[in-house]
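Architecture at a glance
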Amino acid sequence: MFKVTRMNHIGVPVSDLDRSVRWYEDVLGIAANGVTISADNAALGPVLELENPAMRAAFSLAGDNVLLELIQYDRPTPKPFDGRNCDVGMMHLCFEVDDMDAAVRDLKERGVHLNSEPVVLASGEGIHPGELAGTKILYLRDPDGIQLELFELPA
């Protein structure tokens with residue numbers, strides 16, 4: 001039996017590749033690493049389970065260990081994102097930050113949609129954080145409404 005050896009990348013379809021690359025760099029500091037790809041080939045259809053796909057993608061290194069692949073499909077025409085956190089298959093990207101308070105100030109100044117103020121995970125009232133007690137979390141949305149999470153571990 002095979003085994004997974006490490007995470008390589010996370011692919012995120014977006015509506016406007018250039019806008020998203022700029023947003024992730026300007027707002028989150030996740031800069032594109034210069035690796036881009038494009039494909040317009042019906043042979044990729046079965047792999048992607050799409051008919052005659054055409055797409056462009058750019059890779060960015062998030063921190064020092066995970067590549068983020070932002071993908072714009074030009075064909076077929078994508079539907080806008082409308083997932084809720086509770087929907088089956090709905091995923092979110094979580095990025096660790098070193099200073100949640102500074103992150104919140106920066107995000108608010110940039111007009112980024114924050115779902116709420118940060119929450120500190122603490123035991124009580126139905127919350128059992130275990131080893132994550134004291135962790136600060138914040139959910140926000142990117143320009144396509146995709147859920148993102150910021151995570152600050154306790155000191």
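All values reported here derive from a predicted model rather than from experimental measurement. (Residues numbered from 1 in each chain as written. Predicted model: local features only at pLDDT ≥ 70, side-chain atom pairs only at ≥ 80, totals over all residues. Heavy atoms only, no water.)

Grouped together as the largest cluster of nonpolar side chains are 25 residues, with contacts concentrated most on Leu70, Leu107, Leu138, Leu140, Leu148 and Leu150. Of all the secondary-structure elements, those providing two or more residues to this core are α1 (17-28), β3 (54-62), β4 (66-75), β5 (93-96), α3 (100-109), β7 (136-141) and β8 (147-152). At 5 residues, α1 tops the list of elements feeding residues into this core. Not counting residues up to four positions away in its chain, the partners in contact with Leu70 are Val12, Val14, Leu17, Ser20, Val21, Tyr24, Arg56, Ala57 and Ala58. (Core = buried A, V, L, I, M, F, W, Y, C linked by side-chain atoms within 4.5 Å. Buried < 20%, exposed > 50% of the residue type's maximum accessible area, 1.4 Å probe, protein only. Helix = DSSP H or I, 4+ residues; strand = E, 2+ residues; numbered from the N terminus. Contact = heavy atoms within 4.5 Å.)

Taken over all residues, the pLDDT of the chain has a mean of 91, while the share at 70 or more is 100%. Predicted confidence in the chain is weakest over strand β2 (residues 32-40), with a mean pLDDT of 89, and strongest over α3, with 97. (pLDDT = per-residue confidence, 0-100.)

Let us now look at α1. Compared with the 16 Å implied by 1.5 Å per residue over 12 residues, the 16 Å span of α1 between its first and last C-alpha is a close match. Taken together, the buried residues of α1 touch β2, β3, β4, α3, β7 and β8. By the N-cap criterion, in which a side-chain oxygen at the helix start approaches the backbone nitrogen of a residue two or three places on, α1 is capped by Asp16, the distance to Asp18 being 3.3 Å. (Expected span 1.5 Å × (residues − 1). Polar contact = N/O pair within 3.5 Å; in protein donor to acceptor, adjacent residues only side chain to side chain.)

Together, Leu44, Val47, Leu48 and Leu50 make up a nonpolar patch on the protein surface, roughly 300 Å² of accessible area in all. Along the chain, Leu50 falls in the loop between α2 (45-48) and β3. Judged by relative accessible area, Leu50 falls into the partly exposed class, the value being 30%. (Patch = residues over 30% accessible without salt bridge, like charges linked within 9 Å, V, L, I, M, F, W, Y side chains within 5 Å. Areas by Shrake-Rupley, 256 points an atom, 1.4 Å probe, with all protein chains shown as cover. Salt bridge = Lys/Arg side-chain N within 4 Å of Asp/Glu carboxyl O.)

As a further point, take the packing of aromatic side chains. As enumerated under the stated definition, the model contains 1 aromatic pair in all. Look at Trp23 and Tyr24: their rings are 5.0 Å apart centre to centre, the planes differ by 75°, and that puts the pair in the edge-to-face class. (Phe/Tyr/Trp six-rings, centres within 6.5 Å; stacked < 30°, edge-to-face > 60°.)

If you trace the 4 strands from one edge of the open sheet to the other, you get β5-β8-β7-β6, paired in mixed fashion. The sheet is open, and its two edges are formed by β5 and β6 (119-120), each paired on a single side. Note: β6 against β7, 2 bridges, orientation antiparallel. Its bridge partner being in β7, Val120 is matched across the sheet by Lys136. Its contacts with the sheet place α1 against β5, β7 and β8, and it is angled at close to 20° to β8. Contacting β7 and β8, α3 crosses the sheet at an angle of about 20° to β7. (Pairing = 2+ DSSP bridges. Axes fitted to C-alpha atoms, helices over the stretch in contact; angles between N-to-C directions.)

Another point: the state of the cysteines. The full count for this structure, using the stated rule, is 0 disulfides. Residue Cys86 stays outside any disulfide, its sulfur separated by 18 Å from that of Cys94, the closest cysteine. Taking relative accessible area as the criterion, Cys86 reaches 58% and is therefore assigned exposed. (Disulfide = S-S within 2.5 Å.)

What follows concerns the pattern of salt bridges. A complete count under the given rule lists 7 salt bridges for this structure. Taking the shortest distance from any N to any O, the salt bridge between Asp40 and Arg75 comes out at 2.3 Å. With Asp40 in strand β2 and Arg75 in strand β4, the pair connects residues that are 35 residues apart, well separated along the chain. One salt bridge connects Asp101 with Lys136, and the closest N-O pair in it is separated by 3.9 Å. Of this pair, Asp101 sits in helix α3 while Lys136 sits in strand β7, and the two are 35 residues apart along the sequence. In this structure Asp101 comes out as partly exposed when scored by relative accessible area, which is 42%. For Lys136, a relative accessible area of 24% translates into the label partly exposed.

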